[in-house]
Amino acid sequence: MRIVRAAAAATAAAAALAAPAVAHAEGVDQTCDLSATRFDADTVNVLFPDSSAQYWSTRYVAVPGTRIRIDGTYPYARYTSWNVYDPLLRPFAKASDFQLQPDPASANPFLPGADRTTPPEQRHYTLFITFDPNDHPGPNTIYVDPSAHPGGLITLRVYVPDQGRDVTGGVGLPQVTWEPTSASSAPSLDSPCRGVEKPSSNTVTGAYGGLAGASTGPPYPGRNPPVWHKFVNLCQSGADLLFDNQIGDQIPQTGQSPCGNFGNGGFLSNIDNAYVYAFLSRGFGPIAVFRGRAPTFAATYPNAPVMPGGTQLRYWSFCQNDPIDQRYVGCRRDDQVRVDKQGNYTIIVSQPGDWPAEAQKRCRASSWIPWGPQPAGVMIYRNMLPSPSFAQAIQNVTYGSEQSQMGAYYPGGRYFPDWRAVVRADC
């Protein structure tokens, strides 16, 4: 129903913009559509989201002679970006925080070494998404070819707001206006929806993560030990889910995979992120343990005064997801993961009852993620904006060579029958 309403609004807006307009036409305010479709842990927890990120999206119709104007404020957060998607939810263009040039009298706080305490009135940027190749309204302009992408989604992300800031990073939503390319000035009035916030909680997700569930019988999904695959596209991840297991081993190989024809991305993936995933099954054991080298990251939380530089990644995280409904059950981001003296992490994935307080006490250098009631699961490991010198980043890995190319940064995994076996082996 929401998509139908958005499409109807887009049609009405296109008709309005096609009508005769003065040079200073204000266009159609779409900020409310953006806030209405914010992803939420207990309502729109789909498409394998990350619990440390907030997502907002709005639909677009690529009408020639029009553009989308975004008047935004850099958030007080680790990261922000805009991605443009086709109808299959594959990203094909983006504008990341460090790429967004500030408006006059403003500064970009996301550049390495930049002042992150700059007041809101000095944190403005303007982004245009235009459907006219001859339209160049400002330095931050993304061109979308109407013949190649007649419609799709635009998504805003904000990762890790500073302590005490709301999910927008303390600056509210950007104003999103659909206007004719002849418009020559900013909207005269702020959108009433810039401060709109949908109620948010983790009550349902938290309860879901604590439910008990039984394992199914063999053959089980996934591998023992777990195997990580780089996310390439929807086709390949679906093929891995169905056939990267004992059942798939019995199917004759027919040659080249057809998934090479499906392009890149999907599930509203972020161009700045690269992902590896591993399918899990409690049939192999109730506890899965992953160990690897922890990359360095831009530690901004709770409120770093300057933007860190010289790190291997801007951000990384592990999430445990339900492979069927795609919700996250639990995540741990980089600054929430314990690291030992050698710079290695230990991630424990289990149901709550399988990792009691005694296990947590004995394995102080480990970090626990809930499995949830589903007998199968999928772990997702994200890498964001790697340094050019970080050769082991997921962005530099080819499908099928993940372990050899990631080296010490590959999250090697094992299954265990109980927490005491984990303590004996890894703590």
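Check the entry above for the structure.
The structure reproduced in this document is the subject of the present report. (Residues numbered from 1 in each chain as written. Predicted model: local features only at pLDDT ≥ 70, side-chain atom pairs only at ≥ 80, totals over all residues. Heavy atoms only, no water.)

Focus on the packing of aromatic side chains
Line of reasoning, step 1. All chains considered together, the criterion is met by 16 aromatic pairs.
Line of reasoning, step 2. Where Trp228 meets Phe318, the ring centres are 6.2 Å apart and the plane angle is 70 degrees; that geometry is what we call edge-to-face. Taken together, the positions of Trp228 in the loop between helix H3 (203-209) and strand E10 (229-230) and Phe318 in strand E13 (residues 315-321) put the pair 90 residues apart, joining distant regions of the chain. The residues Trp228 and Phe318 share a single accessibility class, namely buried.
Line of reasoning, step 3. Among the aromatic residues, ring-to-ring pairing joins Trp228, Phe290, Trp316, Phe318, Tyr345 and Tyr381 into one connected group.
Line of reasoning, step 4. For the cation-ring pair, Arg165 lies above Tyr76, with the distance from its terminal atom to the ring centre recorded as 3.8 Å.
Line of reasoning, step 5. When the ring centre of Trp371 is taken as origin, the NZ or CZ atom of Arg282, which lies over that ring, is 5.1 Å away. (Phe/Tyr/Trp six-rings, centres within 6.5 Å; stacked < 30°, edge-to-face > 60°. Helix = DSSP H or I, 4+ residues; strand = E, 2+ residues; numbered from the N terminus. Buried < 20%, exposed > 50% of the residue type's maximum accessible area, 1.4 Å probe, protein only. Lys NZ or Arg CZ within 6 Å of the ring centre and 35° of its normal.)

A look at the sheet that holds strand E7 (residues 141-143)
Line of reasoning, step 1. Taken together, the five strands give an open sheet; going across it, the order is E1-E9-E3-E6-E7, and neighbouring strands pair in mixed fashion. Every interior strand has two partners, whereas the edge strands, strand E1 (28-29) and E7, have only one.
Line of reasoning, step 2. Here six bridges tie strand E3 (residues 66-73) to strand E9 (residues 175-180), and the two strands are oriented antiparallel to one another. Opposite Arg69, over in E9, you have Thr177 as the bridge partner. (Pairing = 2+ DSSP bridges.)

Brief notes about the sheet that holds E10
Line of reasoning, step 1. Pairing is antiparallel in the open sheet, where five strands are placed in the order E10-E11-E17-E13-E14. If you trace the sheet from one side to the other, it starts and ends with E10 and strand E14 (328-333), each paired once.
Line of reasoning, step 2. Bridge count between E13 and strand E17 (residues 376-384): seven bridges; the pairing is antiparallel. Along E17, the bridge assignment pairs Asn321 with Val378.

Digging into the state of the cysteines
Line of reasoning, step 1. A complete count under the given rule lists two disulfides for this structure.
Line of reasoning, step 2. The side chain of Cys32 participates in a disulfide bridge whose partner is Cys193; the two sulfur atoms lie 1.5 Å from each other. Of this pair, Cys32 sits in helix H2 (residues 31-36) while Cys193 sits in the loop between E9 and H3; the two residues are 161 residues apart in sequence, bridging distant segments of the chain.
Line of reasoning, step 3. On the basis of relative accessibility, which here comes to 36%, the residue Cys32 falls in the partly exposed class.
Line of reasoning, step 4. A residue is classified by how much of its surface remains accessible, and Cys193, at 6% relative accessible area, is buried.
Line of reasoning, step 5. In this model Cys319 forms its disulfide with Cys331; the gap between the sulfur atoms is 2.0 Å. Of note, the bridge from Cys319 to Cys331 carries an S-S torsion of about 110 degrees and is right-handed in sense. You can see Cys319 sitting in strand E13 and its partner Cys331 sitting in strand E14, a full 12 residues away along the chain. (Disulfide = S-S within 2.5 Å.)

Brief notes about the environment of Pro120
Line of reasoning, step 1. Examined against the element boundaries, Pro120 turns out to sit in the loop between strand E5 (91-96) and strand E6 (124-130).
Line of reasoning, step 2. Residue Pro120 is classed as partly exposed on the basis of its relative accessible area, which comes to 37%.
Line of reasoning, step 3. Between the C-alpha atoms of Pro120 and Gly170, which are 50 residues apart in sequence, the distance is 8.9 Å.
Line of reasoning, step 4. Once residues within four sequence positions are removed from consideration, Pro120 is found in contact with Thr73 and Tyr76. (Contact = heavy atoms within 4.5 Å.)

That's the geometry; what it means functionally is another story.
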